[in-house]
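What follows is the residue order along each chain.
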Amino acid sequence: MEHGSYQDQSQATFTLTDEDHTLANSVRYILNQDPRVTFVGYSIPHPSDARVNIRVQTTGDPAREVLKDSCEDLMFLCKHVTNTFDQAVAEFKSRPKPESMNISP
């Protein structure tokens, strides 16, 4: 859900339900990397409430588009991490197994 002004689309607060610090902090980090963003922050209204509010202010671009672009960037980053991890696991499994160490007293 978006809370904002129709007159000034460069700032808005977005509410994400069923989310917590994990996604909110990741989105905040990616948004902070975007030069179009002048302010970003998030809050969780209450610990028992599974809801996150993300505030975005931009240099003039619509906040909704900037958030959408940042979410896409986060998805690409997650895919890259997953692919890198999968390649490392496959490489590890393809190595010859070391001989067992024979330790005798």
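Keep in mind it's a predicted model, so treat the numbers as computed, not measured.

What counts and how
Residues numbered from 1 in each chain as written. Predicted model: local features only at pLDDT ≥ 70, side-chain atom pairs only at ≥ 80, totals over all residues. Heavy atoms only, no water. UniProt positions renumbered as here; feature names shortened; annotations may be inferred. Helix = DSSP H or I, 4+ residues; strand = E, 2+ residues; numbered from the N terminus. Contact = heavy atoms within 4.5 Å. Core = buried A, V, L, I, M, F, W, Y, C linked by side-chain atoms within 4.5 Å. Buried < 20%, exposed > 50% of the residue type's maximum accessible area, 1.4 Å probe, protein only. Salt bridge = Lys/Arg side-chain N within 4 Å of Asp/Glu carboxyl O. Polar contact = N/O pair within 3.5 Å; in protein donor to acceptor, adjacent residues only side chain to side chain. Expected span 1.5 Å × (residues − 1). Pairing = 2+ DSSP bridges.

(A) Structural context of the UniProt feature "domain: DNA-directed RNA polymerase RBP11-like dimerisation" (unreviewed entry) in the chain. Within the UniProt annotation, "domain: DNA-directed RNA polymerase RBP11-like dimerisation" (unreviewed entry) is assigned to residues 12-83. In residues 12-83, helix accounts for 47% and strand for 29%; the two terminal C-alpha atoms are 34 Å from one another.

(B) Highlighting the environment of S26. Residue position: S26 is located in helix α1 (residues 21-33). Excluding residues that lie within four positions of it along the chain, S26 makes contacts with H21 and L74.

(C) The nonpolar core, seen in detail. The biggest cluster of nonpolar side chains holds 15 residues, and the ones touching the most others in it are F14, V27, L31, V40, I54 and V56. Looking at this core, the elements that each hand over two or more residues are β2 (11-17), α1, β3 (37-43), β4 (51-58) and α2 (63-94). Each residue touching V40, except ones within four places of it in the same chain, is listed here: R28, L31, N32, I54, R55 and V56.

(D) The pattern of salt bridges, seen in detail. According to the stated counting rule, one finds five salt bridges in the structure shown. D34 is the partner of R36 in a salt bridge, and the nearest nitrogen-oxygen pair spans 2.8 Å. By relative accessible area, which is 22% here, R36 ends up partly exposed. In this structure, D69 engages R36 in a salt bridge whose closest nitrogen and oxygen atoms are separated by 3.0 Å.

(E) A look at the side chain of T15. Tracing the backbone shows T15 in strand β2. Judged by its relative accessible area of 9%, T15 falls in the buried class. A polar side-chain atom of T15 sits 2.9 Å from a polar atom in the side chain of N53.

(F) Structural detail: α2. Look at α2: 46 Å from first C-alpha to last across 32 residues, which is about the 46 Å you get at 1.5 Å a residue. Within α2, the full set of buried residues consists of A63, V66, L67, S70 and L74. Lining the buried residues of α2 we find β2, α1, β3 and β4.

(G) Molecular detail of the pairing of β4. Pairing geometry for β2 and β4, over seven bridges, is antiparallel. Residue pairing in the sheet places T13 in a bridge with R55 of β4. By the bridge criterion, six bridges tie β3 to β4 in an arrangement that is antiparallel. When the bridges of β4 are listed, Y42 appears paired with I54.

(H) The side chain of T58, seen in detail. Following the sequence through the fold, T58 ends up in strand β4. Residues contacting T58, with those up to four places away along its chain left out, are S10, R36, V37, T38, A63 and V66.

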